[in-house]
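# A structural walkthrough
Now for the letters of each chain:
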Amino acid sequence: MKISVFFTGILLLGLSCKEAAMPEVSMQEDVRVLASDSLMGRGTGSEGAEMAAAYLEQRMQDLGLVPFDADKDYMQDFTFKPLKDPHAEVEFGAASDSSLTGRNLLGFIDNGGSRTVILGAHYDHLGMGGEGSLYRGEPAVHNGADDNASGVAVLLKLARMLQQWPEAKDNYLFILFSGEEMGLLGSNYFSKNPTLDLEEVAYMINLDMVGRLREDKTLSVSGTGTTAIWPQMLNSLNPGFKLVLDESGVGPSDHTSFYHQDIPVLHFFTGQHEDYHKPTDDAEKLNYQGMEEIAAYLFDLLKSMEGQEEIAFRETQNEQEDLPSFKVAMGVMPDYLYSDGGMRIDGVTEGRPAANAGLRKGDVVVRMGDSTVTDIYGYMRALSVFETGDTTTVVVKRDGEEIAVKLSF
């Protein structure tokens, strides 16, 4: 789809929107647009990301969100040079032949309150693959339905719900971030170039990959230690999710940028899957009923938080900072939502050590060599002692039994 055709569709949507004050657009429709092949994977700085931003700007307008600054539009652009050294820090600045432009979108609900809540989700993805992709074939569109059209769709649903809540007292700033896949660039840029005084921000909630709620309704919520009230609120309002709570305010998503500004944060996440960072992360695979349930839960949380006068920030321990580096990999995808002891395997890559040793999806690693594995962090520490060419014994639980296998790196 050429960009002119896409904008024609945007125009038609806008014209139809004049017939109603706030037209109903389902989360499934939002995901279908964002995860369509025509947007070419929404790579940061690409034509596809520009088309996604145009669609989302129209959605913000239709929902009655306004620019935070009435003299400006919804967009916050930033220019940067892609990193060649993954350990270096991105420099934002003037455009050059090697630079890219990212675009955050900001929409505001001004309820005249003394404080503002930030609700965020990243909207661009990996484009045709490349760095960050787990796909080993020829370049292909990475549609990113779960990552993170799902978070954007839930965020837009919340905007509609909050606009229809006349008792709201807090202000709400909705931010759709660019550049998350390249190192949290959009949220980092906003946190250092905010459009409001960050002292007025009560807390920030980040939605990243919330489209694959499982049958057991496991829902991961990180950042629960960043203010004292989070665990009580999350548990008391829980409508039936199997909550996996993590205190740390630091993680591989945009809430981290706000935690580093001493703002309480939460990150909602329904878990990784075999389509993560692959061309197969498509719209038809999402659990839209689960997304509706998450939106309702979040709305109840937002309403309850308005009654909390004191929301004090707390620093948290970041276990990831204490993890050693790795020289080898097993070739598995851990189940980050598993919390019953050990590290459950959520996917196995053919031709890698785990597959060669006969390990399967669903196996729970409880021992590697001399190390007992009690959780994902224990697994990472156990893995760090091995080098290429080493052989060890891995013990897993499978169907209620413990099985020991020889594994070679």
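Residues numbered from 1 in each chain as written. Predicted model: local features only at pLDDT ≥ 70, side-chain atom pairs only at ≥ 80, totals over all residues. Heavy atoms only, no water.

### Section: the pairing of strand β5 (residues 201-207)
Within a regular strand, the side chains alternate between the two sheet faces. Counting buried positions along β5 yields seven of seven residues, so the element is predominantly enclosed. Sheet topology places strand β3 (residues 116-122) next to β5; five bridges connect them, and they run parallel. Looking at β5, one finds that Ile-118 is bridged to Met-204. Pairing of β5 with strand β8 (residues 265-269) involves four bridges; the strand directions are parallel. Bridge assignment links Met-204 to a residue of β8, and that residue is Val-265. (Buried < 20%, exposed > 50% of the residue type's maximum accessible area, 1.4 Å probe, protein only. Helix = DSSP H or I, 4+ residues; strand = E, 2+ residues; numbered from the N terminus. Pairing = 2+ DSSP bridges.)

### Some remarks on the layout of surface pockets
One number sums up the size of the second largest pocket: a volume of about 200 Å³. In this structure, the second largest pocket is lined by 13 residues; those nearest its centre are Leu-198, Glu-199, Val-201, Asp-262 and Ile-263. Tallied by class, the residues present in the lining of the second largest pocket amount to eight nonpolar, one polar and four charged. (1 Å grid on protein atoms, 1.4 Å probe; cavity = no way out; pocket = protein on both sides within 12 Å on 5 of 7 lines; lining within 4 Å. Points joined across faces, edges and corners; volume = space filled by probe spheres on them. Nonpolar A, V, L, I, M, F, W, Y, C, P; charged D, E, K, R; others polar.)

### Quick notes on the environment of Ala-145
Structurally, the position occupied by Ala-145 is in helix α4 (residues 145-163). The spatial distance from the C-alpha of Ala-145 to the C-alpha of Asp-275 is 9.8 Å, given a sequence separation of 130 residues. Setting aside residues up to four positions removed in sequence, Ala-145 forms contacts with Val-31, Ala-35, Ser-150, Asp-281, Asp-282, Ala-283 and Leu-286. (Contact = heavy atoms within 4.5 Å.)

### Quick look at the pattern of salt bridges
Taken as a whole and assessed by the stated rule, the structure comprises 15 salt bridges. For Asp-30, the salt bridge goes to Arg-59, with nearest N and O atoms at 2.9 Å. Within this pair, whereas Asp-30 is found in helix α2 (residues 27-34), its partner Arg-59 is found in helix α3 (residues 47-62), the two being separated by 29 residues in sequence. As far as burial versus exposure is concerned, Asp-30 and Arg-59 are alike and both buried. The partner of Asp-363 in a salt bridge is Arg-398, and the shortest N-O contact between them spans 2.7 Å. You can see Asp-363 sitting in the loop between α9 (353-356) and β11 (364-368) and its partner Arg-398 sitting in strand β13 (residues 391-398), a full 35 residues away along the chain. Like Asp-363, the residue Arg-398 is buried in the burial classification. Connected via shared salt-bridge partners are Arg-212, Asp-275, Asp-281 and Lys-285. (Salt bridge = Lys/Arg side-chain N within 4 Å of Asp/Glu carboxyl O.)

### Some remarks on the packing of aromatic side chains
Per the counting criterion, the structure on display carries 12 aromatic pairs. Ring plane angle 85° and centroid distance 5.7 Å describe the contact between Phe-78 and Phe-92, whose orientation is recorded as edge-to-face. Residue Phe-78 is located in strand β1 (residues 75-80), and its partner Phe-92 is located in the loop between β1 and β2 (100-109); the two are separated by 14 residues in the primary sequence. For Phe-78, a relative accessible area of 1% corresponds to the buried category. (Phe/Tyr/Trp six-rings, centres within 6.5 Å; stacked < 30°, edge-to-face > 60°.)

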